[in-house]
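# A look at the structure
Chain residues, written in single-letter form:
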Amino acid sequence: MTDLATHADIAAAPRASADRLRAEEEAFLASQRRDRLRRRILPAIGVASFILLWAALVTVFKVPPYVAPSPQAVVATLVARFDVLMANLLPTAIEAISGFLLGNLAAIVIATVFVHRKSLEQAFFPVVVLINTIPVVAKAPILVLLMGNGMEPKIAIAALICFFPTLVNMVRGLESVNPQALELMRVLSASNSEIFFKLRLMNALPYLFSALKIAASTAVIGAIVAEWIGSTTGIGALIIQSTYNFDSAMLYATVIVGSTFSVLFFLAITGLERLFVRWRPANAH
Amino acid sequence: MTAAVDCRGVSVRFLSERRSVTALEDVSFEVAPGGFMSLLGPSGCGKSTLLRVVADLITPSEGSVSVLGTTPQEARRARALGFVFQDAALLPWRTALQNVELPLEVGGRRSLPQGAASPRELLKLVGLSGWENSYPHELSGGMRQRVAIARALLGGPRLLLMDEPFGALDEITRDRLNEELRRIWMETGATILFVTHSVYEAVYLADRVLALAAHPGRVAAMETIGLPRDRDLSIRDTPEFVAIAARMRAHLGHGAIH
Ligand SMILES: Nc1ncnc2c1ncn2[C@@H]1O[C@H](COP(=O)(O)OP(=O)(O)OP(=O)(O)O)[C@@H](O)[C@H]1O
Ligand SMILES: [Mg+2]
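Residues numbered from 1 in each chain as written. Chains lettered and ligands numbered in written order. Predicted model: local features only at pLDDT ≥ 70, side-chain atom pairs only at ≥ 80, totals over all residues. Heavy atoms only, no water.

Attention now goes to the overall build of chain A. Summing up its helical and strand segments, chain A has 10 helices and zero strands in all. Helices (α) and strands (β) of chain A occur, in sequence order from the N terminus, as α-α-α-α-α-α-α-α-α-α. The C-alpha atoms of chain A give 28 Å as radius of gyration, which overshoots the globular expectation for 285 residues (19 Å, by more than 25%). Projected onto its principal axes, the C-alpha positions of chain A cover 95 × 65 × 30 Å. Within chain A, the proportion of its 285 residues that are buried is 38%. Here the analysis covers contacts within chain A between residues at least 6 apart in sequence; of these, 75% occur between residues at least 24 apart. With an accessible surface of roughly 16,600 Å², chain A has 71% of that area assigned to carbon and sulfur atoms. Averaged over its 23 positive side-chain charges, chain A has a centre that lies 3 Å from the centre of its 17 negative ones. (Helix = DSSP H or I, 4+ residues; strand = E, 2+ residues; numbered from the N terminus. Rg over C-alpha atoms; globule rule 2.2 N^0.38 Å. Buried < 20%, exposed > 50% of the residue type's maximum accessible area, 1.4 Å probe, protein only. Contact = heavy atoms within 4.5 Å. Areas by Shrake-Rupley, 256 points an atom, 1.4 Å probe, with all protein chains shown as cover. Lys, Arg positive; Asp, Glu negative; His and termini not counted. Charge placed at Lys NZ, Arg CZ, Asp CG, Glu CD.)

The number of helices and strands found in chain B is eight helices and nine strands. Viewed in the frame of its principal axes, chain B has a C-alpha envelope of about 50 × 45 × 40 Å. In chain B, buried positions account for 54% of the 258 residues. A total of about 11,300 Å² of accessible surface is found on chain B, and carbon and sulfur atoms cover 49% of it. Between the mean site of the 29 positive side-chain charges and the mean site of the 29 negative ones, chain B shows a separation of 3 Å.

With that settled, consider the sheet that holds strand S8 (residues 208–213) of chain B. Residues and elements named next belong to chain B. The six strands are arranged S5-S6-S7-S3-S8-S9 in an open sheet whose pairing can be described as mixed. Edge positions in the open sheet fall to strand S5 (81–84) and strand S9 (218–224), since each of these has one partner strand only. Across the sheet, the axes of successive neighbouring strands diverge by a mean angle of 15°, strand direction being ignored. Across five bridges, strand S6 (residues 159–163) lies against strand S7 (residues 191–196) in parallel orientation. By the bridge assignment, methionine 162 is partnered in S7 with phenylalanine 194. Its contacts with the sheet place helix H1 (residues 47–54) against strand S3 (36–40), S5, S6, S7 and S8, and it is angled at close to 155° to S6. (Pairing = 2+ DSSP bridges. Axes fitted to C-alpha atoms, helices over the stretch in contact; angles between N-to-C directions.)

If a probe as big as a water molecule is rolled over the atoms, it shows which places are left empty. The computed volume of the second largest pocket comes to approximately 260 Å³. Lining the second largest pocket are 19 residues, with Leu188 of chain A together with Arg79, Pro103, Leu154 and Gly155 of chain B positioned closest to its centre. At the level of secondary structure, the elements contributing two or more residues to the lining of the second largest pocket comprise helix H7 (179–187) of chain A together with S5 and helix H5 (141–153) of chain B. Classifying every residue of the lining of the second largest pocket by side-chain character gives 13 nonpolar, three polar and three charged. (1 Å grid on protein atoms, 1.4 Å probe; cavity = no way out; pocket = protein on both sides within 12 Å on 5 of 7 lines; lining within 4 Å. Points joined across faces, edges and corners; volume = space filled by probe spheres on them. Nonpolar A, V, L, I, M, F, W, Y, C, P; charged D, E, K, R; others polar.)

It is worth spelling out the sheet that holds strand S1 (residues 5–14) of chain B at this point. Residues and elements named next belong to chain B. Taken together, the three strands give an open sheet; going across it, the order is S2-S1-S4, and neighbouring strands pair in antiparallel fashion. In the strand order of this sheet, the two ends are held by strand S2 (21–31) and strand S4 (62–67), each with one partner. On average, each strand axis in the sheet is inclined to that of its neighbour by 20°, with strand direction left out of account. Bridge count between S1 and S4: five bridges; the pairing is antiparallel.

Residues and elements named next belong to chain B. With five of five residues buried, S3 is to be regarded as a mostly interior element. Burial along S3 is two-sided: the residues Phe36, Ser38 and Leu40 and Met37 and Leu39 are all buried. Sheet topology note: the S3/S7 ladder contains five bridges and is parallel. Counterpart to methionine 37 in the pairing with S7 is leucine 193. Direction of pairing for S3 relative to S8: parallel, over a ladder of four bridges. Among the inter-strand pairings, leucine 40 is bridged to a residue of S8, identified as alanine 211.

All names here are of chain B. Scanning all chains against the criterion turns up one cavity of 30 Å³ or more. There is about 40 Å³ of room inside the largest cavity. Contributing to the lining of the largest cavity are Val126, Arg146, Ile149, Leu177, Glu180, Leu181 and Ile184. Contributing elements (two or more residues each) for the lining of the largest cavity: H5 and helix H6 (171–188).

Before going further, it helps to spend a moment on the pattern of salt bridges. When charged atoms on two side chains of opposite charge get close, those side chains can pair. Residue and element names in this part refer to chain A. Considering all chains together, one arrives at 21 salt bridges over all chains under this definition. Linking lysine 213 and glutamate 273 is a salt bridge whose minimum nitrogen-to-oxygen distance equals 2.8 Å. Of the two residues, lysine 213 sits in helix H8 (residues 192–227) while glutamate 273 sits in helix H10 (residues 248–276), which places them 60 residues apart along the sequence. Put simply, Lys118, Glu121 and Glu175 are held in one network by salt bridges that share partners. (Salt bridge = Lys/Arg side-chain N within 4 Å of Asp/Glu carboxyl O.)

Next up on the list: the interface of chain B and chain A. With 26 residues of chain B at the interface, the matching set in chain A holds 18 residues. Both faces combined, the contact of chain B with chain A buries some 2,200 Å², and carbon together with sulfur accounts for 61% of it. The largest contributions to the chain B side of the interface with chain A come from Arg76, Trp93 and His137 of chain B, which together make up 29% of the buried area. Summed over the shared surface of chain B and chain A, the number is three salt bridges. Across the salt bridge formed by aspartate 56 of chain B and arginine 186 of chain A, the nearest N and O atoms sit 3.7 Å from each other. Applying the counting criterion to the chain B and chain A interface returns eight residue pairs in polar contact (both at pLDDT 80 or more). When contributions to the side of chain B that touches chain A are tallied by element, the ones reaching two or more residues are helix H2 (72–77) and S5 of chain B. When the residues that make up the side of chain B that touches chain A are grouped by side-chain class, the tally is 12 nonpolar, four polar and 10 charged. (Buried area = accessible area lost by both parts, 1.4 Å probe. Polar contact = N/O pair within 3.5 Å; in protein donor to acceptor, adjacent residues only side chain to side chain.)

Rendered as structure tokens:
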């Protein structure tokens, strides 16, 4: 009898521990789900209470609509003038995205040239730094004078504003290669282009994406600021017009549309990053 | 039979504005084909430099080197060399298998020589089957070194150069990899030049040990290890092993005093 019992115990032991492992796994997954839910709900609560506070302040202090609108007024404007807002978002979006593409492409190409021709980097990097020290609000009028009043100066501003952070990050990413990996490539008799594509470029991807994420928001800022100077369409122009008209609800609605676009742009880049950078970079930053 | 590695009067000087360093001075030694030689010495005595000279990563200031009967450059171009670095040097965006496959994607090689082990077989040889699709950050330090060894073995190099490959590992892992390395050496028949600053590792692994002294790096002693070819880690407790290790330490001590 005792013998049998012991046998049963021995047989049960691994099963018991497997059961325990499963139970632990389930508990872990449940706590993960709770965490995820909390991460979604808490920011929503934060935003909601901010809007409530805003509504309360406007009502309690009887703030006149030409100083600050109530959230209800802003929502009403968003709905009523949705077509106007979208019609003005379109040029801004085109300018921001084209500037983003142009500026970053130029930065990537120039970073590649700099890495392969050190003397060019030494000659021209200071020029780039110099141009970058000019504030956007000062660059914008210069470019409007140079390029007229169309979309071109806005695209140029958006491109310029993207260019510098991407150039710096890209150069750093292409150069900060593990020296032993470079030696490995030499032991394998790899050509320069193989070293570039298989090592430097891949190494630079995480750096590139952290620059692109910054560029996604700054390109929109660049386009909007450029539109402040003598433009009739675009989010920037709409901001100026509604300010002059003391149309605070329209001003706020415009700002919300602009930032929403900016956030969506940023999220798109983050999505691309998830797709392309699946590894954990050696030197996370 | 020509030596697998033949260094004659090799000196390496690094020039710099602040201070120039003589990393190696008049170093001569030979490694027989199929031999296993440890390079043993204190930090900064030029072990890595010597390995880099053999791998054609540095040209010596003086002296001549021949590798597998030709110049280091020819040997490198012919893919006769495998190099294992101290920090594994895996590419973090490639899985274990893709890292082992890298040598097939660069340097004009697209296929393995006839009869050479495939990347999967090499991962199995180093005990990593089942980990093919893991990224380096998902592997332990010891596993990463094994991937690096598998990569160095791809294409069946006749000379394997290893620069303190287990230096950053704990003693238990290092012991196990030492045993595995001897097994791999006997299975592949490759010549191995192995850098370490551990006396025990040097003596356990090799059939010959070259002890270097520092400042400038020069040969302190060359010792043939008369231990049986078939050995396991327990050999480290035998009086013969202890005696050899004591002798090696004495050589190193002398080198430091000079
Ligand atoms: N690229 C370099 N430029 C200048 N000096 C160097 C260079 N590489 C090595 N040295 C110098 O040469 C000497 C030998 O260096 P080496 O790296 O070969 O030593 P080591 O024996 O491998 O040391 P460790 O055990 O710490 O790795 C050192 O004094 C080092 O400062
Ligand atoms: Mg070293």
